[in-house]
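If you want the building blocks of each chain, they are given just below.
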Amino acid sequence: MAKSMSLLWGAGSPPCWRVMITLEEKKLQGYRHKLLSFEKGEHKSQEVLEINPRGQLPAFKHGDIILNESVAVCLYLENQFKSQGVKLIPDSPAEQALMYQRMMEGLCLTDKLNSVIYYDLFVPEEERHESALKRNKEALVTELKLWEGYLHKVAAGSYLAGAFSLADVIVFPNTAYAFRFGLSAGRYPKLAKYYSLLKDRPSITASRPPQWLASTQGHEILKDLINREAKRPFLLENKSLVPSVSVPIRGLLLQAGKSKTMAQNMTLLWGSGSAPCWRVMIALEEKNLQGYNHKLLSFDKMEHKSQEVLDINPRGQLPSFKHGDNIVNESCAACFYLESQFKSQGNRLIPDSPAEQALTYQRMFEGLAFYEKVAGVIYYEYYVPEEERHDSAMKRNKEALVTELKLWEGYLKKLGSGSFAAGKTFSLADVIVFPNVALLFQFGLSAERYPVLGEYYALLKDRPSIKASWPSEWLEDTKGEDTLKDI
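As the structure is a computational prediction, the values presented were derived from the model and not from experiment. (Residues numbered from 1 in each chain as written. Predicted model: local features only at pLDDT ≥ 70, side-chain atom pairs only at ≥ 80, totals over all residues. Heavy atoms only, no water.)

As a further point, take the overall build of the chain. A tally of helices and strands in the chain yields 21 helices and eight strands. Radius of gyration (C-alpha) of the chain: 22 Å, near the 23 Å computed for a compact globule of 487 residues. Each of the three principal axes of the chain carries a C-alpha extent, and together these read 60 × 55 × 50 Å. Counting every position in the chain, which comprises 487 residues, the buried fraction comes to 58%. Carbon and sulfur atoms provide 51% of the accessible area of the chain, an area that totals close to 20,700 Å². On the chain, the mean spot of the 60 positive side-chain charges and the mean spot of the 58 negative ones are 4 Å from each other. (Helix = DSSP H or I, 4+ residues; strand = E, 2+ residues; numbered from the N terminus. Rg over C-alpha atoms; globule rule 2.2 N^0.38 Å. Buried < 20%, exposed > 50% of the residue type's maximum accessible area, 1.4 Å probe, protein only. Areas by Shrake-Rupley, 256 points an atom, 1.4 Å probe, with all protein chains shown as cover. Lys, Arg positive; Asp, Glu negative; His and termini not counted. Charge placed at Lys NZ, Arg CZ, Asp CG, Glu CD.)

Along the chain, His 304 turns up in the loop between strand S6 (293-296) and helix H13 (307-310). On the basis of relative accessibility, which here comes to 1%, the residue His 304 falls in the buried class. In sequence terms His 304 and Ser 320 are 16 residues apart; their C-alpha atoms lie 9.1 Å from each other.

The mixed open sheet is built from four strands, whose spatial order is S6-S5-S7-S8. If you trace the sheet from one side to the other, it starts and ends with S6 and strand S8 (326-327), each paired once. In the packing of helix H12 (residues 275-286) onto the sheet, contacts are made with strand S5 (266-270) and strand S7 (320-323), and the angle to S5 comes to roughly 150 degrees. (Pairing = 2+ DSSP bridges. Contact = heavy atoms within 4.5 Å. Axes fitted to C-alpha atoms, helices over the stretch in contact; angles between N-to-C directions.)

Turning next to the sheet that holds strand S4 (residues 65-67). In any sheet, the strands associate via hydrogen bonds between backbone groups, in a parallel or an antiparallel arrangement. Sheet architecture is open: four strands sit in the order S2-S1-S3-S4, paired in mixed fashion. Both outer strands of the open sheet, strand S2 (32-36) and S4, are each paired with one neighbouring strand and no more. Taking each pair of neighbouring strands and ignoring which way they run, the sheet shows an average axis angle of 15 degrees. Taken together, the four bridges between strand S1 (residues 5-10) and strand S3 (residues 59-62) define a ladder with antiparallel strand orientation. Its bridge partner lying in S3, Leu 7 is registered against Phe 60. Of the strands in this sheet, S1 and S3 touch helix H1 (residues 14-25), which is tilted by about 145 degrees from S1. Its contacts with the sheet place helix H3 (residues 70-80) against S1, S3 and S4, and it is angled at close to 135 degrees to S4.

We now examine the packing of aromatic side chains. Throughout the structure, instances matching the rule amount to 29 aromatic pairs. Note on Trp 147 and Tyr 150: the rings are 5.2 Å apart at their centroids and 80 degrees apart in plane angle, and the pair reads as edge-to-face. Residue Trp 147 and its partner Tyr 150 are both found in helix H6 (residues 130-153); the two are separated by three residues, about one turn of the helix. Residue Tyr 150 is classed as buried on the basis of its relative accessible area of 10%. (Phe/Tyr/Trp six-rings, centres within 6.5 Å; stacked < 30°, edge-to-face > 60°.)

What follows concerns the packing of H12 against helix H18 (residues 428-442). Packing of H12 against H18 brings their axes to within 9 Å, and their N-to-C directions diverge by 130 degrees. When the axes of H12 and H18 are compared, the pair comes out oblique. Crossing of H12 against H18: the hand is right-handed. Contacts between H12 and H18 involve Ala 275, Trp 278, Arg 279, Ile 282 and Ala 283 on the former and, on the latter, Val 431, Ile 432, Phe 434, Pro 435, Asn 436 and Ala 438. (Parallel < 35°, antiparallel > 145°, perpendicular 65-115°, else oblique. Left-handed = near helix turned anticlockwise from the far one by under 90°.)

Attention shifts here to the pairing of S6. Taken together, the four bridges between S5 and S6 define a ladder with parallel strand orientation. When the sheet's bridge partners are listed, Thr 267 is paired in S6 with Asn 293.

The subject of this paragraph is the pattern of salt bridges. In the structure shown here, the tally under the stated rule is 26 salt bridges. The shortest N-O distance in the salt bridge between Glu 143 and Lys 112 comes to 3.9 Å. With Glu 143 in helix H6 and Lys 112 in helix H4 (residues 93-117), the pair connects residues that are 31 residues apart, well separated along the chain. Residue Glu 143 is classed as buried on the basis of its relative accessible area, which comes to 2%. Judged by relative accessible area, which is 15%, Lys 112 ranks as buried. Notably, a salt bridge pairs Lys 134 with Glu 138, separated by 2.9 Å at the nearest N-O pair. One end of the pair is Lys 134 and the other is Glu 138, both in helix H6 and four residues apart, which spans about a single turn. (Salt bridge = Lys/Arg side-chain N within 4 Å of Asp/Glu carboxyl O.)

Right, here's the structure in full:
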């Protein structure tokens, strides 16, 4: 069965390792694979670009189906081979909620690690600042303390969400990476115990990066990272930081519906104009879950850092979502959870067809990369202190956004006029991608220069779930901004 699968991968890459662990856990040995060199630039070769236009690894094929985002590959493999090997998504609502939450938080941990380990690689020499690297280290310490706390709450010898799951598949490579780069087990004992629990698991030993086997030495970049109270980093963890007006959203979810009673044990704390919040609200509408408790908070007044939020979400981010005792704060995790728990209700958001399901997962996670590119231009001045700003950095961010926009123009053009992000039906891919597109046009992107994105925006902007959750301040300010008018 695995013979129809092929994987192009790079050693030492956590995203590649995730896919390889999943293939092992699902008993899908025997797939074709090829190890490529990042140092030689082989991830930018034509061989990779034919499968992955981003020139990134992993690049994965199953027959004619292509997936390149690592978490998308893992979800696809679990869903297509559910009864084979180890079950990686639990059935219990509580465990499933926790699994999705930790899985998505694992991507935050990856970002925080990369911002320190690869600072010199990511940032040109003339744009480097000691203050920026110090802030990145403080943000990483805050992140590691969160994970120490999460692991403190689980029983000794336990995994992240009960039994071994996709949460561990995503998080373990980060943990191994941290210790490989010198993180002190003495300073982070819970993470060290978690690492020891998993490092000899067969799926992990079978896929361990080959250069780690050849040399046990590792690096020392993180050796001085001390577990202490870090100052609040300037880069607020929630990248949905948007100046907002705290006004009631237009008629949001005040209608009576057949699922009102069911939704009454749900609570959403949200901020207007935040793409992550909007995703969750669209998903709730699509699943006919009107009538939940909700409260609009102001980013300007820092209400997302209030105790009310921190009691649900220790990151101090919005959205913050509860369903009974189940807490799911990462927006994609909340969307996955709602679709899974209310599968037969409202609109089906994950298709059954393997090809459509694969494309839905792929575009969902590419949608997160898309959002980062949009935010890197729109909110550059919010993210970066004045003394660290560089015209060259802003220029590079704009070029990266143009490249991203051209990719999405191509994706949508290939599907044909009137198509959604992953085919002929509305899916979770649209739940994630549409708020990005709406944000672009609100900030002045030209529909004439990007006609296919303009057509996609026009197709969806009047969809009931989107109209019901439209950002309130956008209704008052129909002109929007002009930040992107020259893109």
